Amino acid sequence: MKQVLVIAERRGAVLDEGVFELLTAARALAGGGGRVAAAVLGHGIGGLAAELARGFDRVFAFDDERLAEPDGDGDAQALLPLLARGGFDAVLLAHGNLGIDLAPGLSVRAGMPLLADCLELHWAGQSLAGTRAVYGGKVHARVVAAAGGTGAMATVRGGAFAPAGPGTVAGEVVAAALPAEFAPRRRPLRTLRPEAGEVDITQSERLVAVGRGIEDEDGLQLVRGLAAALGADLCASRPVVDKGWLPRSCQVGTSGVTVRPKLYVAVGISGSFQHMGGIKGSPFVVAINKDRAAPIFGVADVGIVGDLSEVVPALEAAIEEQKG
Amino acid sequence: MDIIVCIKRVPDLAEAGLEIAADGRGLRTEDLDFDINEWDDYAVEAAVRLKEQHGGVVTAITVGDEDAEEVLRRALAMGADQAILLDDAAFAGADPFAIATALHACIRSLPFDVVLCGAVTSDGASGQVGGMLAALLDVPQVALATGLEVDGGRARVRHEVEGGLEREVEVALPCLITAQSGLNQPRYVSIRGIRKVADVAIAARSAGDLGLAATAVGEAGSRVRLEGLLLPPAGKRAEILEGSLDAAVATLVERLRERGGL
Ligand SMILES: Cc1cc2nc3c(=O)[nH]c(=O)nc-3n(C[C@H](O)[C@H](O)[C@H](O)COP(=O)(O)OP(=O)(O)OC[C@H]3O[C@@H](n4cnc5c(N)ncnc54)[C@H](O)[C@@H]3O)c2cc1C
Ligand SMILES: Cc1cc2nc3c(=O)[nH]c(=O)nc-3n(C[C@H](O)[C@H](O)[C@H](O)COP(=O)(O)OP(=O)(O)OC[C@H]3O[C@@H](n4cnc5c(N)ncnc54)[C@H](O)[C@@H]3O)c2cc1C
């Protein structure tokens, strides 16, 4: 029987769906007789608090115009008294951009251990324990929070838990006040939306994705040829975009575009969680990679282990021949 | 302006066959190549650019053993002015909090306007050290920066936020910024560049030098214990098309046809 708090993330006027995955994790950790609470911050969030109260036993609603924009630095100040009051055995956040911004500082201020980017959570005796991916996903690490009686925090990887269905809990909504000393140190200037690209890859049925394996910009030509033969659009992993070889609108992943193709051909891509997180709708995934141990082969349907400079032209030629 | 950049030496994972060491708590490192963490390369570049614009001193710091000197040399070759190696057997087995504790003890005695970290490492990948260090230093922080300008005692930072958006925010100095990949295009470091800084003295500091008790750092000072490493469960594996290149490609075309891809 444990008390678990989930810190909800919001996107403008809506809740981030990830909060319902955290609800699943929180219920499992709380166990029978345990209670799960949520905290939500923002301005004019009455509706969001009510939505959360259908799944959580208690909802702490921090509603204040100074919280209008999510701010990891300021939100930590707002939440600290709630955590410092004690009583939570575990505090969960999504390992997304807000969690990365908020959790480390909050954990230090609250004096709580923090398990980052967990794929799984459980209790090891009285201590929160979890499994996380390290070394680019090639290895998993089992980690345990030190026992100290303070409770522990964890950030949870998106998709690690199935989202809880619509709840019927009728939880209590508590209006939470900001601490008197609340003084946000970040001044938001403007929020920028990603620029739309020439090709809207969210609509593409076939995608050829190119990763760091192409090594230089010339490698792009090779992959363009394959995309043309397949009648596919070209997209990329983040490093290719960071180098300026393709526009940001071509980046697939958690910090890029979410795509729903029927066919996804990944060329020279290792298959990081952040990249794969942008691929929805269970496409047929083909991987071409020279590393047999690359995590991409754990998610692809079919793959060729080999050097892309040989495999890609050969595949293009074979497809062209097939078309006759 | 005084700029501090925290960097870590990490193994190159792209094509490496990884083997877990006998104690189950690390990797067998004999066959691995090491380099600066990808995100820290962006942090060093940002630090050096700030110096080039505003004048000042860039100090690179790492917690590591003597092998970690090579990433400090790399930072010096990119334009850092001085480097500090935090090296002590007592630092072993540190969790991100204990690493942040060591960095904090070093940085608190130095003048600084901006501290730069990478957003995350490619090995431990927790993305915690920067935010924890900022809280220990009690300075404002901004995570996942994709743009950074400093002017008149304030930093204007563009960073990645909720829902795939970016936000531009302003914080007063001193502050801590964590660099997301793509923040800049890091300059090329030649072997010659490294050779030029071969004689620059690197200051080494032990826990004692930093005024830290051995129980405050390393495994003893950690809040999270690494129980062990394991290989991920096999799960679904792709059908790997073996044989000659022509045979593999022919089968792949077949699969694509079956799946309506052609
Ligand atoms: C907060 C955050 C958000 C992120 N968001 C995204 C995102 O939205 N999208 C994204 O993609 N990444 C994102 N990343 C980065 C992500 O963590 C990985 O670093 C990135 O996806 C790796 O890209 P890659 O697979 O192209 O490169 P690598 O991981 O370097 O893989 C390159 C692959 O190419 C193979 N290869 C090399 N040479 C050849 C060759 N000649 N022939 C065949 N194969 C070859 C290698 O074996 C390797 O597997 C994010 C990271 C963070 C911290
Ligand atoms: C495979 C692996 C798994 C590990 N897993 C855990 C774990 O789950 N729990 C745990 O408690 N410990 C773990 N450790 C041990 C140790 O905690 C980390 O290596 C270390 O604390 C840094 O964490 P990180 O690599 O995740 O850094 P991150 O928090 O991802 O690093 C962010 C930034 O902090 C700075 N930074 C990080 N490390 C250093 C350094 N040594 N010197 C200077 N600056 C630095 C850099 O700017 C870096 O870009 C693990 C270590 C390894 C190698």
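These numbers were taken from a predicted model, which means no experiment stands behind them.

> Just checking my understanding: could you explain the site of ligand 1 for this structure?
If you check the shell around ligand 1, you find 32 residues, and the closest are Arg212, Ser237, Ser255, Ser270 and Asn289 of chain A. Proximal residues around ligand 1 fall on chains A and B, making this an inter-chain site. Within the side chain of Ser272 of chain A, one N or O atom sits 2.8 Å away from an oxygen atom of ligand 1. In the complex, 92% of the free accessible area of ligand 1, which totals 990 Å², lies under the protein chains.

> Would you mind showing me how to read a negative patch on the surface here?
A cluster of acidic residues, Glu215, Asp216, Glu217, Asp218, Asp307 and Glu310 of chain A, forms a negative patch on the protein surface. Note on Asp218 of chain A: relative accessible area 61%, which makes it exposed.

> Sorry, what's going on with the packing of helix α5 (residues 218-230) of chain A against helix α8 (residues 308-323) of chain A here?
Helix-helix packing: each pair is described by the crossing angle between the helix axes and the interaxial distance. Residues and elements named next belong to chain A. It is the contact of α5 with α8, at a shortest axis distance of 9 Å, that shows an interaxial angle of 25 degrees. On the basis of the axis angle, α5 is roughly parallel to α8. Considering the relative orientation of α5 and α8, their crossing is left-handed. On α8, the residues touching Leu222, Val223, Gly225, Leu226, Ala228, Ala229 and Leu230 of α5 are Leu308, Ser309, Val312, Pro313, Leu315, Glu316, Ile319, Glu320 and Lys323. Residue composition of the contact of α5 with α8, by class: 11 nonpolar, 2 polar and 3 charged.

> Looking at this structure, how should I read the environment of Leu234 of chain A?
Residue and element names in this part refer to chain A. By secondary structure assignment, the location of Leu234 is in strand β14 (residues 233-236). With 25 residues separating them along the chain, Leu234 and Ala209 place their C-alpha atoms 5.9 Å apart. The residues touching Leu234, leaving out its near neighbours within four places in the chain, are Ile201, Val208, Val210, Leu220, Val223, Arg224, Ala227, Leu246 and Cys250.

> Could you clarify how one ought to interpret the site of ligand 2 in this entry?
Around ligand 2 sit 30 residues, and of these Cys6, Lys8, Asp40, Thr121 and Ser126 of chain B come closest. Surrounding ligand 2 are residues belonging to chains A and B, so the site spans chains. Interatomic distance of 2.9 Å between a backbone N/O atom of Val63 of chain B and a nitrogen atom of ligand 2. Listed by contribution, the elements that provide at least two residues to the shell around ligand 2 are β8 (127-134) of chain A together with β4 (57-63), α3 (96-107), β6 (114-118) and β12 (224-230) of chain B. Across the shell around ligand 2, the residue classes tally to 17 nonpolar, 8 polar and 5 charged.

> Would you mind showing me how to read the nonpolar core here?
Nonpolar side chains tend to gather and get buried jointly when the protein is soluble and globular. Formed by 55 residues in total, the largest nonpolar core has its most connected members in Leu5 and Phe62 of chain A together with Leu86, Ile107 and Leu133 of chain B. For this core, the element with the most residues is α3 of chain B, which contributes 7 residues. Those residues within four positions of Leu5 of chain A in sequence are excluded, and the remaining contacts are Ala37, Ala38, Ala39, Phe60, Leu82, Leu83, Phe88, Ala90, Val91 and Leu92 of chain A. Core analysis: the second largest hydrophobic core is formed by 39 residues, Val5, Ile36, Leu50 and Val150 of chain B among them.

> I'm lost on the sheet that holds strand β16 (residues 284-289) of chain A in this one. Help?
Whenever strands of a sheet pair, they do so through backbone hydrogen bonds, lying parallel or antiparallel. Strand order in this open sheet of 6 strands is β14(A)-β13(A)-β15(A)-β16(A)-β17(A)-β13(B), and the pairing throughout is parallel. Each edge of the open sheet is held by one strand with a lone partner, namely β14 of chain A together with β13 (239-240) of chain B. Summarising the sheet, strand β13 (residues 206-210) of chain A and strand β15 (residues 263-267) of chain A pair through 5 bridges and their orientation is parallel. Bridge assignment links Arg206 of chain A to a residue of β15 of chain A, and that residue is Leu263 of chain A. On top of the sheet, α5 of chain A reaches β13, β14 and β15 of chain A; it is set at about 170 degrees to β13 of chain A, its chief contact. Running at roughly 165 degrees to strand β17 (residues 302-305) of chain A, helix α6 (residues 245-258) of chain B makes contact with β15, β16 and β17 of chain A together with β13 of chain B of the sheet.

> I'm lost on the interface of chain B and chain A in this one. Help?
Taken together, the contact pairs 80 residues of chain B with 76 residues of chain A. It is Glu162, Arg167 and Arg223 of chain B that lose the most area in chain B upon contact with chain A, and together they represent 9% of the buried surface on that side. Inspection of the chain B/chain A interface yields 8 salt bridges. Where chain B packs against chain A, one counts 33 residue pairs in polar contact (both at pLDDT 80 or more). Secondary structure elements with two or more residues in the side of chain B that touches chain A: α1 (38-54), α4 (129-137), β7 (141-151), β8 (154-160), β9 (166-172), β12, β13 and α6 of chain B. Of the residues forming the side of chain B that touches chain A, the biggest block, 8 residues, is contributed by α6 of chain B.

> Before we go on, may I ask you to explain the pattern of salt bridges in this structure?
Note that side chains of opposite charge can pair when their charged atoms are close. Here the structure, examined in full by the defined rule, presents 41 salt bridges over all chains. Here Glu205 of chain A makes a salt bridge to Lys262 of chain A, at a shortest N to O gap of 3.0 Å. Placement of Glu205 of chain A in the loop between β12 (186-192) and β13 and of Lys262 of chain A in the loop between α6 (238-242) and β15 is noted, with a sequence separation of 57 residues between them. Taking relative accessible area as the criterion, Glu205 of chain A reaches 47% and is therefore assigned partly exposed. Judged by relative accessible area, which is 58%, Lys262 of chain A ranks as exposed. A salt bridge links Glu45 of chain B to Arg49 of chain B, with the shortest nitrogen-to-oxygen separation between them at 2.7 Å. With a gap of 4 residues between them, Glu45 of chain B and Arg49 of chain B both fall in helix α1, about one helical turn apart.

> Looking at this structure, how should I read the packing of aromatic side chains?
Where two aromatic rings form a pair, the distance of their centres and the angle of their planes describe that pair. Residue and element names in this part refer to chain A. Enumeration according to the criterion identifies 1 aromatic pair over all chains in this entry. Between Phe60 and Phe88, the aromatic rings sit 6.4 Å apart at their centres with planes inclined by 90 degrees, giving edge-to-face as the arrangement. Here Phe60 is found in strand β5 (residues 58-63), whereas its partner Phe88 is found in the loop between α3 (72-84) and β6 (90-94), with 28 residues between them in sequence. Taking relative accessible area as the criterion, Phe60 reaches 5% and is therefore assigned buried. Above the plane of the ring of Trp123 lies Lys2, whose end atom (NZ or CZ) is 4.7 Å from the centre. Over the ring of Phe273 we find Arg157; its NZ or CZ atom is 3.9 Å from the centre of that ring.

> Sorry if this is basic, but what is going on with the sheet that holds β6 of chain A here?
Taken together, the 10 strands give an open sheet; going across it, the order is β11(A)-β5(A)-β4(A)-β1(A)-β6(A)-β10(A)-β7(A)-β8(A)-β9(A)-β12(B), and neighbouring strands pair in mixed fashion. With partners counted over all chains shown, the strands left at the sheet margins are β11 (172-175) of chain A together with β12 of chain B, one partner each. The mean angle between the axes of side-by-side strands here comes to 30 degrees, regardless of whether they run parallel or antiparallel. Looking at chain direction, strand β1 (residues 3-7) of chain A and strand β4 (residues 35-42) of chain A are connected through 5 bridges and run parallel. Following the sheet pairing, Val4 of chain A is matched in β4 of chain A by Val36 of chain A. The sheet contacts of helix α4 (residues 97-110) of chain A involve β1, β6, β7 (114-124) and β10 (152-156) of chain A, and relative to β10 of chain A the element is tilted by about 170 degrees.

Definitions and limits used
- Residues numbered from 1 in each chain as written.
- Chains lettered and ligands numbered in written order.
- Predicted model: local features only at pLDDT ≥ 70, side-chain atom pairs only at ≥ 80, totals over all residues.
- Heavy atoms only, no water.
- Near = heavy atom within 4 Å.
- Polar contact = N/O pair within 3.5 Å; in protein donor to acceptor, adjacent residues only side chain to side chain.
- Areas by Shrake-Rupley, 256 points an atom, 1.4 Å probe, with all protein chains shown as cover.
- Patch = residues over 30% accessible without salt bridge, like charges linked within 9 Å, V, L, I, M, F, W, Y side chains within 5 Å.
- Salt bridge = Lys/Arg side-chain N within 4 Å of Asp/Glu carboxyl O.
- Lys, Arg positive; Asp, Glu negative; His and termini not counted.
- Charge placed at Lys NZ, Arg CZ, Asp CG, Glu CD.
- Buried < 20%, exposed > 50% of the residue type's maximum accessible area, 1.4 Å probe, protein only.
- Axes fitted to C-alpha atoms, helices over the stretch in contact; angles between N-to-C directions.
- Helix = DSSP H or I, 4+ residues; strand = E, 2+ residues; numbered from the N terminus.
- Parallel < 35°, antiparallel > 145°, perpendicular 65-115°, else oblique.
- Left-handed = near helix turned anticlockwise from the far one by under 90°.
- Contact = heavy atoms within 4.5 Å.
- Nonpolar A, V, L, I, M, F, W, Y, C, P; charged D, E, K, R; others polar.
- Core = buried A, V, L, I, M, F, W, Y, C linked by side-chain atoms within 4.5 Å.
- Pairing = 2+ DSSP bridges.
- Buried area = accessible area lost by both parts, 1.4 Å probe.
- Phe/Tyr/Trp six-rings, centres within 6.5 Å; stacked < 30°, edge-to-face > 60°.
- Lys NZ or Arg CZ within 6 Å of the ring centre and 35° of its normal.

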